[in-house]
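Here is how the chains run, residue by residue.
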Amino acid sequence: MLTPASALSQQALPDADHTAARRVAVASALGTTVEYYDFTLYATTAALVFDHVFFPSVNDAVGTLAAFSTFFVGYLARPLGGVVFGHFGDRLGRKTVLVTTLLLMGLGTFCIGLLPSYGTIGIAAPVLLVLIRLIQGLGMGGEYGGGVLMALEYAPRERQGLYTSLVHIGTPAGVLLPVGLVSVLSATMSESAFDAWGWRVPFLASIVLVGLGMYLRVTVSESPEFRRLRAEREVTKIPLRGLADGHLASVGCSVIAKIAESGLFNVYYVVALAYATDELGVDKQPVLIAILIACALECLTLPLFGMVSDRVGRRLVYVAGAVFQALLIVPFFLLVQTRDPVLITLAMTLGLAVGHGAMYGAQGALFANLYPVALRYTGLSVSQQVGATLGGGLSPLAGTALITAFDGRPTGVCLYAIGVVLLSGACALALRRGDHRPLRRRPGGAPATDARAAAE
């Protein structure tokens with residue numbers, strides 16, 4: 001019989017080794033950084049140069065759509081990667097899988113930096129690009145779940161929101177690093193030099209992150225909850241079957257709840273970048289700087305929202321972030337349309353550091369606690385990757401197509417964003433199992449037992 005996730009979490013580490021928990025959180029955050037470095041770097045270069053490096057035989061709009069289509073291919077592989085690596089993560093342990101996924105993602109990024117252009121090897125260039133994106137997508141599909149679970153399963157229950165939000169810092173950091181590199185290179189190189197070879201430098205530089213991530217991954221121990229599960233012989237042979245037998249409602253609601261968080265992130269970043277540079281004629285440099293500032297601020301707001309979610313509840317913080325983004329999206333594009341760098345920075349900051357930060361800061365602990373420990377890697381990976389594919393994978397393609405359909409206006413993107421945010425927020429309200437009651441404090445300051453966890 002599977003032990004309920006909340007009960008095991010309450011039993012685990014009553015006197016938690018916070019040093020070990022922090023080290024695990026840092027290692028997991030670095031893996032998430034590599035994960036989003038890979039995908040963000042691709043999205044940035046797809047918006048700026050890939051249309052003529054790998055798809056030069058079509059006009060600019062169609063070339064951008066083709067580049068974003070290969071971006072979506074990576075997302076298509078993520079659910080499969082989530083199922084495959086989730087299975088092994090629940091069967092063999094979190095640590096082994098995390099080493100494998102880091103290698104797949106990091107080496108894939110390095111190989112893109114070596115890939116010849118269409119002008120050099122013809123149709124083989126985009127074909128190889130798609131193949132690498134598929135491999136990266138498989139690795140990314142298994143990366144997130146393991147990273148979050150290592151942090152969650154080392155953390156005391158009353159700080160799970162905080163520790164999982166630290167892992168999520170890897171997302172804005174994974175944007176900050178490649179966008180920063182691209183900004184510096186594009187500012188210091190001629191456009192022809194950047195298009196010819198400068199864009200390759202950030203891809204090749206990713207090998208440094210991979211090496212550091214590998215070192216940290218191999219030096220941390222397996223999560224205490226999985227070690228206990230294995231010692232008690234409660235490991236499930238086929239986690240996906242267990243997920244289908246009793247947790248389909250949680251999977252379905254969490255997938256839809258994920259769509260807005262992932263989708264709006266790429267609307268603020270990928271779609272808005274292409275819109276500002278292609279439709280409004282804004283130089284890419286101030287837009288990239290605005291994204292850098294917003295991502296740097298989100299690295300600070302994520303743990304704040306994680307701590308708030310530990311105190312007031314994860315669903316409340318998640319839904320509040322969704323409502324904020326529904327109200328923000330029209331003002332966001334109005335601010336971008338001013339072409340004023342300061343107002344564009346304000347728009348990016350509100351979207352990424354506040355709206356997205358609230359949802360993402362609460363998400364890890366909310367989604368992970370939907371499932372018992374023996375099914376947790378598979379359940380979290382499927383929720384995350386299917387939702388990310390439908391949200392973040394489709395939003396650049398949908399956003400670009402909608403802007404084209406509305407004659408260069410963002411009206412269609414705003415309607416799309418409001419629709420998915422309201423739908424995701426409604427589904428997040430149903431995720432009661434993943435939420436928690438804030439822990440009461442005894443007079444001496446120690447946390448009292450969570451009433452619901454004790455009952456379970």
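Residues numbered from 1 in each chain as written. Predicted model: local features only at pLDDT ≥ 70, side-chain atom pairs only at ≥ 80, totals over all residues. Heavy atoms only, no water.

Taking an unreviewed UniProt entry as the reference, the chain is identified by name as MFS transporter belonging to Streptomyces hygroscopicus. According to its UniProt record, the chain has this under Subcellular location (unreviewed entry): "Cell membrane". (UniProt positions renumbered as here; feature names shortened; annotations may be inferred.)

This paragraph deals with the overall build of the chain. In terms of regular secondary structure, the chain is built from 20 helices and zero strands. Relative to its 456 residues, the chain shows a buried fraction of 61%. Within the chain, contacts between residues separated by at least 24 positions form 85% of all contacts whose residues are at least 6 apart in sequence. About 16,300 Å² of surface is accessible on the chain, with carbon and sulfur atoms providing 68% of the total. (Helix = DSSP H or I, 4+ residues; strand = E, 2+ residues; numbered from the N terminus. Buried < 20%, exposed > 50% of the residue type's maximum accessible area, 1.4 Å probe, protein only. Contact = heavy atoms within 4.5 Å. Areas by Shrake-Rupley, 256 points an atom, 1.4 Å probe, with all protein chains shown as cover.)

This part covers empty space enclosed by the protein. The final tally for this structure, using the stated rule, is two cavities of 30 Å³ or more. Considered as a void within the structure, the largest cavity measures approximately 140 Å³ in volume. In terms of lining, the largest cavity is formed by 19 residues, of which the most central are Tyr 36, Tyr 75, Ser 262, Phe 265 and Asn 266. Within the residue set of the lining of the largest cavity, elements represented by two or more residues are helix H2 (18-53), helix H3 (60-91), helix H13 (248-279), helix H16 (341-368) and helix H17 (376-393). (1 Å grid on protein atoms, 1.4 Å probe; cavity = no way out; pocket = protein on both sides within 12 Å on 5 of 7 lines; lining within 4 Å. Points joined across faces, edges and corners; volume = space filled by probe spheres on them.)

Interhelical geometry of helix H7 (residues 160-168) versus helix H14 (residues 284-312) gives an angle of 160° and a closest axis separation of 7 Å. Looking at the two axes, H7 sits roughly antiparallel to H14. Read as a crossing pair, H7 and H14 show a hand that is right-handed. Contact with H7, carried on its side by Gln 160, Gly 161, Leu 162, Ser 165, Leu 166 and His 168, involves Leu 302, Pro 303, Gly 306, Met 307, Ser 309 and Asp 310 of H14 and no other residues of that element. Looking at the contact of H7 with H14 residue by residue, the classes come out as five nonpolar, six polar and one charged. (Axes fitted to C-alpha atoms, helices over the stretch in contact; angles between N-to-C directions. Parallel < 35°, antiparallel > 145°, perpendicular 65-115°, else oblique. Left-handed = near helix turned anticlockwise from the far one by under 90°. Nonpolar A, V, L, I, M, F, W, Y, C, P; charged D, E, K, R; others polar.)

Once that is clear, we can look at the nonpolar core. With 123 residues, the main nonpolar core has Phe 50, Phe 54, Trp 199, Leu 264, Phe 332 and Met 348 as its most contacted residues. Among the elements that take part in this core, H2 stands out by supplying 17 residues, more than any other. (Core = buried A, V, L, I, M, F, W, Y, C linked by side-chain atoms within 4.5 Å.)

To continue, consider the UniProt feature "transmembrane region" (unreviewed entry) in the chain. The UniProt entry lists residues 61-85, 97-115, 121-141, 162-185, 197-218, 287-305, 317-336 and 410-431 under the feature "transmembrane region" (unreviewed entry), expressed in the numbering used here. For residues 97-115, helix accounts for 95% and strand for 0%, while the C-alpha atoms at its two ends are 27 Å apart. The distance from the first to the last C-alpha atom of residues 162-185 is 35 Å, and the span holds 96% helix and 0% strand.

The phi dihedral of Arg 339 is positive, around 65°, even though this residue is not glycine. For Arg 339, the position within the fold is in the loop between helix H15 (314-337) and H16. Judged by relative accessible area, Arg 339 falls into the partly exposed class, the value being 44%.

Taken together, Ile 121, Leu 128, Leu 131, Leu 134 and Ile 135 make up a surface patch of nonpolar side chains, about 370 Å² in accessible area. For the nonpolar patch, the element with the most residues is helix H6 (residues 124-154), which contributes four residues. Mapped onto the elements, Leu 128 comes out in helix H6. Residue Leu 128 is classed as partly exposed on the basis of its relative accessible area of 35%. (Patch = residues over 30% accessible without salt bridge, like charges linked within 9 Å, V, L, I, M, F, W, Y side chains within 5 Å. Salt bridge = Lys/Arg side-chain N within 4 Å of Asp/Glu carboxyl O.)

With that settled, the discussion passes to the side chain of Arg 314. Mapped onto the secondary structure, Arg 314 falls in helix H15. Judged by its relative accessible area of 0%, Arg 314 is buried. Not counting residues up to four positions away in its chain, the partners in contact with Arg 314 are Arg 157, Gln 160, Gly 161, Ser 309, Ala 362, Ala 365, Leu 366, Asn 369, Gly 434, Asp 435 and His 436.

Turning to the packing of H15 against helix H19 (residues 411-428), a few remarks are in order. For the pair H15 and H19, interaxial distance at closest approach is 9 Å and the crossing angle is 170°. One element, H15, and the other, H19, form an angle in the roughly antiparallel class. Contact with H15, carried on its side by Arg 315, Tyr 318, Val 319, Ala 322, Gln 325, Ala 326, Ile 329, Val 330 and Phe 333, involves Val 413, Cys 414, Ala 417, Ile 418, Val 421, Leu 422, Gly 425 and Ala 428 of H19 and no other residues of that element. Classifying every residue of the contact of H15 with H19 by side-chain character gives 14 nonpolar, two polar and one charged.

This structure, assessed with the given rule, holds five aromatic pairs. Arranged with centres 5.7 Å apart and planes meeting at 85°, the rings of Trp 199 and Phe 203 form a pair that is edge-to-face. Among the aromatic residues, ring-to-ring pairing joins Tyr 268, Tyr 275, Phe 332 and Phe 333 into one connected group. Taking NZ or CZ as reference, Arg 133 lies 4.1 Å from the ring centre of Tyr 42, over its face. (Phe/Tyr/Trp six-rings, centres within 6.5 Å; stacked < 30°, edge-to-face > 60°. Lys NZ or Arg CZ within 6 Å of the ring centre and 35° of its normal.)

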